Amino acid sequence: MSFDPWETLRKATRARIGLGRAGDGLPTAELLKFQLAHARARDAVHGRVDFAALAADLAPLPTLKVKSQATDRAIYLRRPDLGRRLHPDSAALLAKVPPQPWDIVFVVADGLSAGAVQTHAAPMIRACLERLPGWRVAPIVLAEQARVALGDEVGDLLGAQLCLLLVGERPGLSVPDSLGIYMTYRPRLGRRDSERNCLSNIHADGMNYTSAADKAVWLAREAVRLRLTGVELKENAPNAGVSARDVKTIDQ
């Protein structure tokens, strides 16, 4: 029986390390695993969220369905700018919502992983709401062909103090269903990415719902207290159960 020096390291990471070789290529089993992971990543990007099913999962919480200016998936992938703005019909829909002093609006954007949103969005929102008693929560907005900055326009139209946007993250070759949370204080058109905070890697093998909700709500309370989000809102929550790599600001 031969000793494999990579075995211990493989148990500590999902990265592909020490795969071995067959001649001048990868072993067949590893090649097939790579091709399967690549196919799952492509499916995640090109998949579609069943927003009707998601609304049912969120019931009895009220939801509103909107879409971006990207008319289909191909345009969405080629034109990120269109995914950041609401379709005029959707903007008109939100403008008709009776104005209230909402403390927070949750926006669910399909992003680049339909599976992440379908699986994780509803339980993640419920976990956050359990930790926000007394907060005035706007109807949950379900956004199709949407990117992160779409939350700025949504939050502005609804007059929400804070926007918490859940989005399917760009899939890799180890995790195709990772959810991200982006938080913006006083959302409005023109907000910079440096004015947001982000939690990432919410999935079965990453950050769990409890840790993510604890961290998201801690950041939300601090955002309202300090009246800001982004690079000036530092993560130093005690005993949050989340490592520093899971909390970042974005520049994309």
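Above this note sits the structure.
About the criteria used
- Residues numbered from 1 in each chain as written.
- Predicted model: local features only at pLDDT ≥ 70, side-chain atom pairs only at ≥ 80, totals over all residues.
- Heavy atoms only, no water.
- Helix = DSSP H or I, 4+ residues; strand = E, 2+ residues; numbered from the N terminus.
- Rg over C-alpha atoms; globule rule 2.2 N^0.38 Å.
- Buried < 20%, exposed > 50% of the residue type's maximum accessible area, 1.4 Å probe, protein only.
- Areas by Shrake-Rupley, 256 points an atom, 1.4 Å probe, with all protein chains shown as cover.
- Lys, Arg positive; Asp, Glu negative; His and termini not counted.
- Charge placed at Lys NZ, Arg CZ, Asp CG, Glu CD.
- Axes fitted to C-alpha atoms, helices over the stretch in contact; angles between N-to-C directions.
- Parallel < 35°, antiparallel > 145°, perpendicular 65-115°, else oblique.
- Left-handed = near helix turned anticlockwise from the far one by under 90°.
- Contact = heavy atoms within 4.5 Å.
- Nonpolar A, V, L, I, M, F, W, Y, C, P; charged D, E, K, R; others polar.
- Salt bridge = Lys/Arg side-chain N within 4 Å of Asp/Glu carboxyl O.
- Arc of directions from axis to C-beta.
- Polar contact = N/O pair within 3.5 Å; in protein donor to acceptor, adjacent residues only side chain to side chain.
- Phe/Tyr/Trp six-rings, centres within 6.5 Å; stacked < 30°, edge-to-face > 60°.
- Lys NZ or Arg CZ within 6 Å of the ring centre and 35° of its normal.
- Disulfide = S-S within 2.5 Å.

> Would you take a moment to explain the overall build of the protein chain for this structure?
When helices and strands are counted, the protein chain shows 9 helices and 7 strands. Its C-alpha atoms give the protein chain a radius of gyration of 20 Å, within 12% of the compact-globule value 18 Å for 252 residues. Considered along the principal axes of its C-alpha atoms, the protein chain spans approximately 70 × 45 × 35 Å. Looking at the protein chain residue by residue over its 252 residues, the buried ones come to 46%. Element-wise, carbon and sulfur atoms account for 53% of the exposed surface of the protein chain, whose accessible area totals about 13000 Å². Averaging the coordinates of the 34 positive side-chain charges in the protein chain and doing the same for the 28 negative ones gives two points 2 Å apart.

> Could you clarify how one ought to interpret unusual backbone geometry in this entry?
Peptide bonds are mostly trans, and most non-glycine residues show a negative phi. With an omega of 10°, the peptide bond between A59 and P60 qualifies as cis. Within the secondary structure layout, P60 lies in the loop between α3 (51-58) and β1 (63-67). Unlike most non-glycine residues, R186 shows phi in positive territory, near 50°. Mapped onto the fold, R186 is located in the loop between β5 (179-185) and β6 (196-202). With phi around 65°, N201 is a residue other than glycine that occupies positive phi space.

> Looking at this structure, I do not really get the packing of helix α7 (residues 114-130) against helix α9 (residues 209-226). What am I missing?
The geometry of a pair of packed helices is captured by two quantities: the angle between their axes and the separation between those axes. Across the interface, α7 lies against α9 with an axial gap of 9 Å and an inter-helix angle of 55°. Looking at the two axes, α7 sits oblique to α9. In this structure, α7 meets α9 at a crossing whose hand is right-handed. Residues T119, H120, P123, M124, A127 and C128 of α7 form the contact with α9, whose own contacting residues are Y209, A212, A213, A216 and V217. Of the residues belonging to the contact of α7 with α9, the class tally is 9 nonpolar, 2 polar and no charged.

> Looking at this structure, how should I read the pattern of salt bridges?
Oppositely charged side chains are able to pair whenever their charged atoms sit close together. Considering all chains together, one arrives at 13 salt bridges under this definition. Between R79 and D81 there is a salt bridge, and its shortest N-O distance comes to 2.7 Å. On the accessibility criterion, R79 (38% relative accessible area) is partly exposed. For D81, a relative accessible area of 34% corresponds to the partly exposed category. The salt bridge partner of R196 is D152, with a shortest N-O separation of 2.8 Å. Taken together, the residues R196 in strand β6 and D152 in helix α8 (residues 150-158) connect sequence positions 44 residues apart. Judged by relative accessible area, which is 3%, D152 ranks as buried. Residues participating in the shared-partner salt-bridge network are R48, K65 and E144.

> Explain α3 to me, please; I cannot follow it from the model alone.
For an α-helix, 3.6 residues make a turn, and residues three or four places apart therefore share a direction. If you check which residues of α3 are buried, you get F51, L54 and L58. Mapping the buried residues of α3 onto a view down its axis gives an arc of 55°, with all of them on the same face. Seen from the open side of α3, the exposed residues pointing more than 90 degrees away from its buried face are A52 and A56. At its buried positions, α3 is contacted by β1, β2 (104-109), α7 and β3 (140-144). Looking at where α3 begins, the residue whose side-chain oxygen comes 3.3 Å from the main-chain nitrogen of A52 is D50.

> Looking at this model, I keep getting lost on the packing of aromatic side chains. Mind explaining?
Geometry of an aromatic ring pair is reported as the spacing of the ring centres plus the angle between the planes. Considering all chains together, one arrives at 0 aromatic pairs under this definition. Seen from the ring of Y76, R147 lies directly overhead, with NZ or CZ sitting 4.3 Å from the centre. One Lys or Arg, K215, reaches over the ring of W218 and ends 5.2 Å from the middle of that ring.

> I would appreciate a short explanation of the packing of α3 against α7 in the present structure.
At a minimum axis separation of 10 Å, α3 and α7 run at an interaxial angle of 25°. Classified by the angle their axes make, α3 and α7 are roughly parallel. Crossing geometry of α3 relative to α7 is assigned as right-handed. The segment α3 lies against α7, with A53, L54, D57 and L58 engaging V117, Q118, A121, A122, I125 and R126. For the contact of α3 with α7, the per-class residue count stands at 7 nonpolar, 1 polar and 2 charged.

> Explain the state of the cysteines here, please?
Covalent bonding between the sulfur atoms of two cysteines defines a disulfide. Following the criterion strictly, the structure yields 0 disulfides and no others. Just so you know, C128 is unpaired, no disulfide at all, and the nearest cysteine sulfur is the one on C163, 12 Å from it. You can call C128 buried: its relative accessible area is 1%.

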